[in-house]
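# Observations on the model geometry
Listed below, chain by chain, are the residues.
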Amino acid sequence: MNAGPAHGAALFPPFDGLGQLLPRAARRWPDRTALVADGRSFTFEELDRLAGRMAHALSARGVGLGDRVSLISQNRWEWIVAYHGALRCGAVVNPLNVMLTGEELAYILSDSEAKVLLASKERLETAGALLDGVRSLERVITFDGAGARGESFESLLASADDAPFEPVPVDPKSLACIAYTSGTTGHPKGAMQSHLSLVLNCAYTATMHVRTIDDVVVTALPSAHVYGNVVINGTWMAGGRVVLMTRFDPDDAIRRIEEHGATMFEGVPAMYATMLATPTLARADLSTLTRCTVGGQTIAGSVIDAWEARTGAPLIELWGMTELSGLGATHALYAPNVHGSIGVVLPGNELRVISTEDGATECRPGEPGELMARGPLVTMGYYRNDAATAEAITPDGWLHTGDVATHDGAGRFFVVDRLKDMILTAGYNVYPAEIERVLIGHASVALVAVGREPDPVKGEVAHAYVVPAPGSTPDVEELLGYCRQRLAAYKVPRAVHFVDRLPTTSSGKLMRRKLRRSAPTPS
């Protein structure tokens, strides 16, 4: 195993909001490279100056304390500058998923009462005339030059005041961000995140994973996603460098780890599975990695084992959600790295597992139930949706996470699956993640997802969707036999489908609910 991370400067003193992060980092490490993105490198001083100019530009256009500023694009340096500039002038940021349809984008802009939208050209084209119906929207700024709608980010930044812009003072418990969750039914809900929850999550994560000034972190996680936000800003709290990919590509990710001497890679399970499957990995030098992180969904032990064997770096599991502003649990770097466990709760917060039968009884060790969370990371509620808030958060502050989990009685937790993804087969609970963890262990499987199909006798049955490993020709009966040796009979998938790709979110998580809609004929 590689040596642990080198110890550099400690985290700087606590602060009230992320809008204060870059000014402090620039004062402490002005000439250190903070960001590599879109073929450019930026020092902390350069990023701070750009964010300050952005704050001046927004302020000159009437954006002030509490105003909503929405952002939508793929990963790019302009998004980062806009995010920090908006927070610096006291605005509430509204980071948006690039996969939103025009209708969804217009709904969220209206629901959040967005005053300004910063967007890439293709996202504006997706929304089109629907933006005209957003009454609160006063200004559109385009990241890709002046167009038919909005002013150019480049010209706006160039014309802005270059004088230092001191962050507007904020109450740590006040609203900093409205992050919309992608619901399976109905409209998305805007989880309200406080300045305190954002800062604490980045700080606790940086501490648990021992980020330092010497770290170089490669990631393709979307900046708009809470995991990506924590990776970027948590690294900067320690003075480290972020190498930000526009989109994930396994070969490009491996190349960047080598090129930049990365000490960390951070991503979702599918990223690790595809990097392990690409032939590029065989000739790559990944010896600079000291630890990696994985979250977003459950990951198979076989994938963790393979990645750790190939790199010599521990793969640290974590768990979180939008309603927690990022992580809720992970392993401390120097604590036992128990594969299959999401680790322990972040400091100052609580986790427990309660019965899904009565919603109150705490489960015994090893007994599955719903994972509940409480503490300063928990969302302030859903914006303009008191009913959803009351349904999600109990009167004494416990958040329903919707995840099925167990605990070991020693503080460690183990996520089984999403409660909504559970398949009820002839009265038995079948968790897709359990089947996926088995099938990904087969040599001919590069990626796998399991979805539900209706069945006239059993109600629902599991179907597996498999992306074959490069150069392999998997056999259905062989895969089913592999499952029968490792799973109870009722858990074995009824059918296997071979596909070229799997539906994923912008962060790379599998979208099981979309499997059935595009499923080919069973093999």
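Residues numbered from 1 in each chain as written. Predicted model: local features only at pLDDT ≥ 70, side-chain atom pairs only at ≥ 80, totals over all residues. Heavy atoms only, no water.

We now examine the confidence of the model for the chain. The predicted coordinates ought not to be read in detail in places where the model reports low pLDDT. Averaged over every residue, the pLDDT of the chain is 91; residues scoring 70 or more account for 94%. Low confidence marks residues 3–10, where pLDDT is under 50. Its contacts with residues over four positions away, or in another chain, come to 24 contacts. Scored below 50 in pLDDT, residues 517–523 shows 12 contacts in the model against residues more than four places distant or in partner chains. (pLDDT = per-residue confidence, 0-100. Contact = heavy atoms within 4.5 Å.)

Within helix α10 (residues 269–277), the full set of buried residues consists of Pro 269, Ala 270, Met 271, Tyr 272, Ala 273 and Met 275. Where the residues of α10 are buried, they touch α9 (250–260), β12 (264–267), β13 (292–294), α11 (301–311), β14 (315–321) and β23 (445–455). (Buried < 20%, exposed > 50% of the residue type's maximum accessible area, 1.4 Å probe, protein only. Helix = DSSP H or I, 4+ residues; strand = E, 2+ residues; numbered from the N terminus.)

Attention shifts here to the nonpolar core. Counting 144 residues, the largest nonpolar core has Leu 18, Leu 35, Leu 118, Phe 153, Trp 236 and Phe 265 as its most contacted members. Those residues in contact with Phe 153 that sit more than four places away from it in its chain are Met 54, Trp 77, Glu 78, Val 81, Ala 82, Leu 118, Ile 141, Thr 142 and Phe 143. Counting residues in each nonpolar core, the second largest holds 23 residues, with Val 92, Leu 109, Leu 117 and Val 134 among its members. (Core = buried A, V, L, I, M, F, W, Y, C linked by side-chain atoms within 4.5 Å.)

Another aspect to go through is the packing of aromatic side chains. Using the criterion set out here, one finds eight aromatic pairs in the structure. Ring centres of Trp 29 and Phe 44 lie 5.8 Å apart, and the angle between their planes is 45 degrees; this geometry places the pair in the tilted category. In this pair, Trp 29 sits in the loop between α1 (21–28) and β1 (33–37) while Phe 44 sits in helix α2 (residues 44–60), placing the two residues 15 residues apart along the sequence. These aromatic residues form a ring-pair network of at least three members: Phe 42, Trp 77, Phe 143 and Phe 153. The ring of Tyr 382 carries the charged tip of Lys 189 above its face, separated from the ring centre by 5.1 Å. (Phe/Tyr/Trp six-rings, centres within 6.5 Å; stacked < 30°, edge-to-face > 60°. Lys NZ or Arg CZ within 6 Å of the ring centre and 35° of its normal.)

For Ala 426, the location among the structural elements is in the loop between β21 (423–425) and β22 (428–430). Residues Ala 426 and Gly 102 lie 324 residues apart in sequence; the distance between their C-alpha atoms is 40 Å.

With that settled, the discussion passes to the state of the cysteines. The full count for this structure, using the stated rule, is zero disulfides. Cys 177 carries a free sulfur, and the closest cysteine sulfur to it, the one in Cys 202, is 11 Å from it. Not part of a disulfide, Cys 292 finds its nearest cysteine sulfur in Cys 202, a span of 19 Å. A residue is classified by how much of its surface remains accessible, and Cys 292, at 0% relative accessible area, is buried. (Disulfide = S-S within 2.5 Å.)

Turning to α9, a few remarks are in order. Note on helix geometry: an α-helix contains 3.6 residues per turn, so any two residues three or four positions apart are oriented the same way. If you check which residues of α9 are buried, you get Pro 250, Asp 252, Ala 253, Ile 254, Arg 256 and Ile 257. Buried residues belonging to α9 abut β10 (216–219), β11 (241–244), β12 and α10. Capping the start of α9 is the job of one residue whose side-chain oxygen sits 3.2 Å from the backbone nitrogen of Asp 251: Asp 249. Phi turns positive one or two residues past the end of α9, at Gly 261, with a value near 60 degrees. (Polar contact = N/O pair within 3.5 Å; in protein donor to acceptor, adjacent residues only side chain to side chain.)

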